[in-house]
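Coordinate inspection notes
Chain by chain, the residues run as shown.
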Amino acid sequence: MFTFIFSIFIIGCLFSIGFAITGAILSAILWFCIQLPVGLICIILGIAFCLTILLFPLGKFFCKLGIHIMFG
């Protein structure tokens, strides 16, 4: 009986570790494939808009938005 309970405990621990690793991998994939490119595009647009005098407020907004998207 003790070995059965111990084996169930070990299996539960392995499943919890597996779910944690899977969640971390999915989070990294989400950041690399979605948030990083969108954030970089916003920052590049912001820099391009900051170079023009009339669109400076829009450029400042896009730079802040890109940094917020990339780093939360």
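Residues numbered from 1 in each chain as written. Predicted model: local features only at pLDDT ≥ 70, side-chain atom pairs only at ≥ 80, totals over all residues. Heavy atoms only, no water.

In terms of helices and strands, the chain carries two helices and zero strands. Relative to the globule expectation of 11 Å for 72 residues, the C-alpha radius of gyration of the chain, 22 Å, shows a markedly less compact shape. Across its three principal axes, the chain shows a C-alpha extent of roughly 75 × 15 × 10 Å. Counting across all 72 residues of the chain, residues that qualify as buried make up 11%. (Helix = DSSP H or I, 4+ residues; strand = E, 2+ residues; numbered from the N terminus. Rg over C-alpha atoms; globule rule 2.2 N^0.38 Å. Buried < 20%, exposed > 50% of the residue type's maximum accessible area, 1.4 Å probe, protein only.)

It is worth spelling out the environment of proline 57 at this point. Structurally, proline 57 can be placed in helix α2 (residues 56-71). Remark: the alpha-carbon pair of proline 57 and isoleucine 25, spanning 32 residues in sequence, is separated by 37 Å.

Moving on, we get to the environment of threonine 22. With respect to the secondary-structure elements, threonine 22 resides in helix α1 (residues 2-50). We classify threonine 22 as partly exposed; its relative accessible area is 42%. At 2.8 Å, the side chain of threonine 22 forms a polar contact with the backbone oxygen of glycine 18. (Polar contact = N/O pair within 3.5 Å; in protein donor to acceptor, adjacent residues only side chain to side chain.)

Once that is clear, we can look at α1. Counted at 1.5 Å a residue, the expected span for α1 with its 49 residues is 72 Å, and the 69 Å between its end C-alpha atoms agrees. Largest kink in α1: about 35°, centred on tryptophan 31. Buried within α1 are the following residues: Gly39, Cys42 and Gly46. Packing partners of the buried residues in α1 comprise α2. (Expected span 1.5 Å × (residues − 1). Bend = angle between axes of the 7 residues up to and from the residue. Contact = heavy atoms within 4.5 Å.)

To continue, consider α2. For α2, spanning 16 residues, the distance from its first C-alpha to its last is 23 Å, which sits close to the expected 22 Å at 1.5 Å a residue. Residues of α2 that are buried include every one of Gly59, Phe62, Cys63, Gly66 and Met70, and no others. Considered in projection along α2, the buried side chains sweep an arc of 100° and stay on one side of the axis. Exposed side of α2, more than 90 degrees from the buried face: Pro57, Lys64 and His68 are the residues found there. Following α2 by one or two positions, glycine 72 has its phi on the positive side, about 80°. (Arc of directions from axis to C-beta.)

Below, the discussion takes up the packing of α1 against α2. The contact between α1 and α2 brings their axes to 7 Å, and the two run at 160°. Classed by the angle they form, the pair α1 and α2 counts as roughly antiparallel. As for how α1 packs across α2, the hand of that crossing is left-handed. Classifying every residue of the contact of α1 with α2 gives 18 nonpolar, five polar and one charged. (Axes fitted to C-alpha atoms, helices over the stretch in contact; angles between N-to-C directions. Parallel < 35°, antiparallel > 145°, perpendicular 65-115°, else oblique. Left-handed = near helix turned anticlockwise from the far one by under 90°. Nonpolar A, V, L, I, M, F, W, Y, C, P; charged D, E, K, R; others polar.)

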